[in-house]
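# Descriptive analysis of the structure
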Amino acid sequence: MLGNIVNVLRQNPFQAVKRLPAALNLDINEKIIRRNLKSRCNINHHKAASKVRLLGPDTIARLQYANEHIDRTAVMWQRSRVGVWRPPRERYARAYVLPSVNSGRITKSYWGHRPGKFVEIERRLNAIQYVDILQNHLLPQAIARYLQDEVIYIVEDNSAVHQSRLVRAWYEAHPRFHRLNHSARSPDLNIIENVWSKMVQEWTPNHAHDLLQIQQRVRESWDSLQDQQQYFEILTHSMRARLQKIQDYTIHEDIGNNYCEHILNIQGKN
């Protein structure tokens, strides 16, 4: 019986458990199913992750990123709901992720790093504005926090602004800042995304209804997080496990012509 339930959830992990007894013609209630899935199969009900579907080139880039950075230490990294049935530590496995959509909500953009200031930015940030952030916010905070000859690693997404000529020139003029080659469509590899998510979760159910409320809630949440050192340590120590997951899963993805396995073989010979 339990095996049939697990097979159904594997085929459709977004299945509502209350429909299983009728679908499988079982004389059993929902609570017993939940209890057995948890105690005997280590499968629990979670809020489903939502992200853009990865394409073949994205998958390859993520694997290369994982191979390159998996040995980095935690210290370096420091610087309506839908449920899904899944085992532990499988949040971003393809079978358990829903494609994301635009919600049309009121939004406000910010730039920040921890520990450090929190800067409001324009929705359409340009290269001049971003260089201003680097020069007048990131640089002075880095000088105050790190030793003079200490290398500082920067994680950015693949925004066109980050790859612009002006931004590249700024980094060339400040060689102690090393940008990691962050792969596309990979918010799960940037721990600042966890920070944004945690900040938003703290608002529920008291949602902000206008821009002024958003600005107030964001700053309150950011300030409260600055004292949660343990939370940031957990995030930084999680990076190796995230990269390991990519290595484990990517070799099983169908990305055409076994190219992923070919990359692994080449790297194994070097």
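Residues numbered from 1 in each chain as written. Predicted model: local features only at pLDDT ≥ 70, side-chain atom pairs only at ≥ 80, totals over all residues. Heavy atoms only, no water.

### Some thoughts on helix α9 (residues 211–225)
- Here α9 is 15 residues long and its end C-alpha atoms lie 21 Å apart, about the 21 Å a rise of 1.5 Å per residue gives.
- Those residues of α9 that sit buried are Ile214, Gln215, Val218, Ser221, Trp222 and Leu225. Along the axis of α9, the buried positions cluster into a sector of 140°, meaning they face one direction only. Facing away from the buried side of α9 by more than 90 degrees, the exposed set consists of Leu212 and Asp223.
- Check the buried side of α9 and you find it contacts β5 (109–112), β6 (118–121), α8 (192–201) and α10 (229–237). (Helix = DSSP H or I, 4+ residues; strand = E, 2+ residues; numbered from the N terminus. Expected span 1.5 Å × (residues − 1). Buried < 20%, exposed > 50% of the residue type's maximum accessible area, 1.4 Å probe, protein only. Arc of directions from axis to C-beta. Contact = heavy atoms within 4.5 Å.)

### Some thoughts on the packing of α8 against α9
- In contact at an axis separation of 9 Å, α8 and α9 are set at 115° when each is read in the N-to-C sense. Judged by the twist between their axes, the crossing of α8 over α9 is right-handed. When α8 is examined against α9, the residues Val195, Trp196, Lys198 and Met199 are found in contact with a partner set consisting of Val218, Ser221, Trp222 and Leu225.
- Class assignment of the residues belonging to the contact of α8 with α9 gives a composition of six nonpolar, one polar and one charged. (Axes fitted to C-alpha atoms, helices over the stretch in contact; angles between N-to-C directions. Left-handed = near helix turned anticlockwise from the far one by under 90°. Nonpolar A, V, L, I, M, F, W, Y, C, P; charged D, E, K, R; others polar.)

### So, the pairing of strand β3 (residues 83–86)
- Across the two faces of β3 the burial is the same, with Gly83 and Trp85 and Val84 and Arg86 all buried.
- As judged from the four bridges shared by strand β1 (residues 44–47) and β3, these two strands associate in the antiparallel manner. Looking at β3, one finds that Asn44 is bridged to Arg86. (Pairing = 2+ DSSP bridges.)

### Quick look at the nonpolar core
- Ranked by size, the top nonpolar core spans 19 residues in total, and within it Trp111, Tyr130, Leu134, Val167, Trp170, Tyr171 and Phe177 carry the most contacts.
- In terms of residues, this core owes the most to one element, helix α6 (residues 127–145), which gives eight residues.
- By size, the runner-up hydrophobic cluster in this structure holds 14 residues, among which are Ile191, Ile192, Ile214 and Tyr231. (Core = buried A, V, L, I, M, F, W, Y, C linked by side-chain atoms within 4.5 Å.)

### Focus on the confidence of the model for the protein chain
- Per-chain confidence: the protein chain averages 78 in pLDDT, with 81% of residues scoring 70 or above.
- The secondary structure element of the protein chain with the lowest average pLDDT is helix α12 (residues 259–269), at 46, and the one with the highest is helix α7 (residues 165–173), at 95.
- Of the regions scoring below 50 in pLDDT, residues 254–270 engages in 15 contacts with residues more than four places distant in sequence or in other chains. (pLDDT = per-residue confidence, 0-100.)

### Quick notes on the packing of aromatic side chains
- Enumeration over the complete set of coordinates arrives at four aromatic pairs.
- Measuring from centroid to centroid gives 5.4 Å for Trp170 and Phe177, while their planes differ by 50°, and the two rings are tilted. Judged on exposure class, the residue Trp170 and its partner Phe177 are both buried.
- Each ring, one from Trp196 and one from Trp222, has its centre 6.0 Å from the other, and the planes form 35°; the classification is tilted. (Phe/Tyr/Trp six-rings, centres within 6.5 Å; stacked < 30°, edge-to-face > 60°.)

### Digging into the packing of α8 against α10
- One can describe the packing of α8 onto α10 by two numbers: an axis separation of 10 Å at closest approach and a directional angle of 140°. With respect to their mutual orientation, α8 and α10 come out oblique. At the point where α8 passes α10, the crossing takes the right-handed sense. Between α8 and α10, the residues in contact are Asn194, Val195 and Lys198 and Tyr231, Phe232 and Leu235, respectively.
- Here the contact of α8 with α10 is composed, by residue class, of four nonpolar, one polar and one charged. (Parallel < 35°, antiparallel > 145°, perpendicular 65-115°, else oblique.)

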